[in-house]
Amino acid sequence: MKKVFLTLLSVLALGVLAACGTSVESVSLDESSVELEIGESVTVTATVEPSDAEQGVEWSSGDTGVATVDDGEITAVAAGTATITATSTDDEEMSASVDVTVIPDPSGVSLDVDSLQLQVGESETIEATISPADAVQEVEWSSGDEAIATVDSNGAVTAVGPGVVTITVTATRDSGVTDTAEITVVIAAEEVNTVLETEMDAEVHTVGVVTEITNHNTFFIQDDTGAIAIYDAEEAYIGDLESGDQVRVRGVRDSYSGMNQISGILELEELDSGVDLPDVSDISDVDIEDDSVMMPYQGHRVAMDGYLVEEISTDQYENYTITLYSPFDGYRIDLRYDSRLELPDTDMLFDLEENDLLEIDGMILGWHDGPQLSYSGDHTIAESDMSLELTINVENDEVAEGALNLSVSETLELDWSVDPADYVENQALDFTSSDD
């Protein structure tokens, strides 16, 4: 009986020892902090030490409105922060925790530009900003027409062809959060001569110096290669321009009565002011009645000397047409003044009379079914210093002081010149004898 009692005590002692087991010394997690987007989950692993201690842990969230936890799997619910804790089931004083930050969804996105102009082939990167600042900063880009402009994943916009296109940025986390920028793509600025060779009605883009404003809606520009008229039909730009302004013009290639021009202005930007005007082209020795010869001078500032005012006429609008005549070579050309330019009454134009001898210097050579001068003020004309007196010079040595002695049947062929030779193109003379 005593032996049985001792055995029972031993079994009870072993049971007590087994029930006490190894004490939990620590609980640790494999993450100390995690960052999640709303709806995203991550699993955190808990380790209880020593390994032969009870391994059970109980999970809890300090704010289930922000993040929940189920057997170590943490799920983000809403923006904010929460502490997730794993507590030993054997010893509630043994625990470990992880800080959870849930990133908010974006509430807005904005671009650093509302609009942008690029030339074909150019690229520029647009910056997108997500709000709030701690939201997921991921966006997607798209172009409304990739034939006009493309955009890559970094917001780099590349101009492909002329036109206007909308670039859209969208928050990856919310397709309803977007912003847009309007991109205008233009062809690269070309030299004026290239514009002159462009087909009609095509969009053109060039840079030149304003040489003259010739009426209420037309002005001329010129670069090193050529000149062209700019027709500002709506008078939207011309009021702010002066000669010497360097401008960039984008519009439509056009022609009116033979005058090369850019009309339908899409854009006009003043780049500089006070720029030196191009040199004047002297056409004193040019056949001004030959359109093919004069065409290269169209729109240029020209100079010519020794032209008489042959006729002055006005119409019902007080527009002037003055026919100029060269007594040296017989050429004629019209000078036109548009009264809408509103020159002061003191302008030299209004004092001109027939047979006044003029010098043209810096006047624009316009065109209306042929060349004509576009008058814009008396800074382009002056009284000529030339003399209309012609001198016939007989150049033979046998002629002395206008006299010549010849024997019967003797002949002499006269050599002569008519001065001023630089202006008298026709050197021919008619001869008569006082006694045949």
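That block above? That's the structure.
To keep things clear, this report deals only with the structure shown in the data block.

About the cut-offs
- Residues numbered from 1 in each chain as written.
- Predicted model: local features only at pLDDT ≥ 70, side-chain atom pairs only at ≥ 80, totals over all residues.
- Heavy atoms only, no water.
- Phe/Tyr/Trp six-rings, centres within 6.5 Å; stacked < 30°, edge-to-face > 60°.
- Helix = DSSP H or I, 4+ residues; strand = E, 2+ residues; numbered from the N terminus.
- 1 Å grid on protein atoms, 1.4 Å probe; cavity = no way out; pocket = protein on both sides within 12 Å on 5 of 7 lines; lining within 4 Å.
- Points joined across faces, edges and corners; volume = space filled by probe spheres on them.
- Core = buried A, V, L, I, M, F, W, Y, C linked by side-chain atoms within 4.5 Å.
- Buried < 20%, exposed > 50% of the residue type's maximum accessible area, 1.4 Å probe, protein only.
- Patch = residues over 30% accessible without salt bridge, like charges linked within 9 Å, V, L, I, M, F, W, Y side chains within 5 Å.
- Areas by Shrake-Rupley, 256 points an atom, 1.4 Å probe, with all protein chains shown as cover.
- Salt bridge = Lys/Arg side-chain N within 4 Å of Asp/Glu carboxyl O.
- Lys, Arg positive; Asp, Glu negative; His and termini not counted.
- Charge placed at Lys NZ, Arg CZ, Asp CG, Glu CD.
- Pairing = 2+ DSSP bridges.
- Axes fitted to C-alpha atoms, helices over the stretch in contact; angles between N-to-C directions.

Overview of the packing of aromatic side chains
Then comes step 1: Across all of its chains, the model carries four aromatic pairs by this definition.
Then comes step 2: With 5.6 Å between their ring centres and 70° between their planes, Tyr320 and Phe350 make a pair best called edge-to-face. With Tyr320 in strand β26 (residues 320–325) and Phe350 in the loop between β27 (332–337) and β28 (357–367), this pair connects stretches of sequence that are 30 residues apart.
Then comes step 3: Pairwise contacts between aromatic rings join Tyr320, Tyr337, Phe350 and Tyr375 into one cluster.

Here's the deal with the layout of surface pockets
Then comes step 1: Considered as a void within the structure, the largest pocket measures approximately 620 Å³ in volume.
Then comes step 2: Taken together, 22 residues form the lining of the largest pocket, with Asn215, Thr218, Tyr256, Asp338 and Gln372 sitting closest to its centre.

Comments concerning the nonpolar core
Then comes step 1: Ranked by size, the top nonpolar core spans 47 residues in total, and within it Phe219, Leu324 and Leu373 carry the most contacts.
Then comes step 2: Top contributing element to this core by residue count: β28, with six residues.

Topic: a negative patch on the surface
Then comes step 1: A contiguous patch of negative charge, built from Asp112, Glu122, Glu124 and Glu127, is present on the exposed surface.
Then comes step 2: With respect to the element layout, Glu122 can be found in the loop between β11 (115–119) and β12 (123–125).
Then comes step 3: Take Glu122: its relative accessible area is 36%, and that puts it in the partly exposed class.

Quick notes on the sheet that holds strand β6 (residues 67–70)
In a beta sheet, neighbouring strands are held together by backbone hydrogen bonds and run either parallel or antiparallel to one another.
Then comes step 1: Taken in spatial order, the three strands of this open sheet run β3-β7-β6, and their pairing is antiparallel. Two strands in the sheet have a free side with no partner beyond their single neighbour: β3 (41–43) and β6. Strand-to-strand twist across the sheet, computed as the mean angle between neighbouring axes with direction ignored, equals 20°.

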